[in-house]
Amino acid sequence: MNKARYEGLPAEIQQMLDSTTGMALAKRLGHLWQQDELLGRGLAVERGHPILAPGDPEQALLGTAAAPVIDRWVAKIDAMGHDGRALLEDAKRLVADYADGREQHR
């Protein structure tokens, strides 16, 4: 939403938007997706299907394949006047924090 337009809204509307969109919405959806994933994994195991994780060689191949896409994204973000590499590293840190349970899931 245009910042000036948002600031022109009544305070109660701003509060409603803040509490139901952006990070609030992302957290809510993330929790729902996490619940769905746990259910799906549980059903897979219950039905005798193993949960496989890529090993180091596969992860290295994925990293190599993804590198050009990531580099293009960083360049695009840099061109927009932001630090693409810093944003990427912050995203990686957040993923790692959530993956190992350091962050609380709400």
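Rules of the game
- Residues numbered from 1 in each chain as written.
- Predicted model: local features only at pLDDT ≥ 70, side-chain atom pairs only at ≥ 80, totals over all residues.
- Heavy atoms only, no water.
- Salt bridge = Lys/Arg side-chain N within 4 Å of Asp/Glu carboxyl O.
- Helix = DSSP H or I, 4+ residues; strand = E, 2+ residues; numbered from the N terminus.
- Patch = residues over 30% accessible without salt bridge, like charges linked within 9 Å, V, L, I, M, F, W, Y side chains within 5 Å.
- Areas by Shrake-Rupley, 256 points an atom, 1.4 Å probe, with all protein chains shown as cover.
- Buried < 20%, exposed > 50% of the residue type's maximum accessible area, 1.4 Å probe, protein only.
- pLDDT = per-residue confidence, 0-100.
- Expected span 1.5 Å × (residues − 1).
- Contact = heavy atoms within 4.5 Å.
- Polar contact = N/O pair within 3.5 Å; in protein donor to acceptor, adjacent residues only side chain to side chain.

Visitor: Any chance you could explain the pattern of salt bridges here in plain terms?
Guide: Opposite charge on two side chains lets them pair, provided their charged atoms get close. Evaluated as defined, the whole model comprises six salt bridges. Residues Arg85 and Asp71 are paired through a salt bridge, measuring 3.5 Å at the closest nitrogen-oxygen approach. Taken together, the positions of Arg85 in helix 5 (residues 84-99) and Asp71 in helix 4 (residues 56-79) put the pair 14 residues apart, joining distant regions of the chain. Notably, a salt bridge pairs Lys92 with Glu89, separated by 3.7 Å at the nearest N-O pair. You can see Lys92 and its partner Glu89 sitting in helix 5, three residues apart, about one turn around the helix. Through salt bridges that share partners, Asp90, Arg93 and Asp97 make up one connected network.

Visitor: What is the right way to read a nonpolar patch on the surface from this model?
Guide: There is a patch of nonpolar side chains on the surface, built from Leu29, Leu32 and Trp33 and spanning about 320 Å² of accessible area. Within the element layout of this structure, Leu29 appears in helix 3 (residues 22-46). Leu29 sits in the partly exposed class, given a relative accessible area of 31%.

Visitor: Looking at this model, I keep getting lost on the confidence of the model for the chain. Mind explaining?
Guide: It should be kept in mind that the predicted coordinates are not to be read in detail where pLDDT is low. Mean pLDDT over the chain stands at 91; residues scoring 70 or higher make up 93%. Mean pLDDT in the chain bottoms out at helix 3, which sits at 91, and peaks at helix 4, which reaches 96.

Visitor: Help me understand helix 5 in this model?
Guide: Side chains three or four residues apart in an α-helix point the same way, a direct result of the helix having 3.6 residues per turn. Taking 1.5 Å of rise per residue, 16 residues should cover 22 Å, and helix 5 covers 22 Å from first to last C-alpha, within 8% of that figure. Listed as buried for helix 5 are Gly84, Leu88 and Asp97. On its buried face, helix 5 is in contact with helix 4. Capping the start of helix 5 is the job of one residue whose side-chain oxygen sits 3.3 Å from the backbone nitrogen of Arg85: Asp83.

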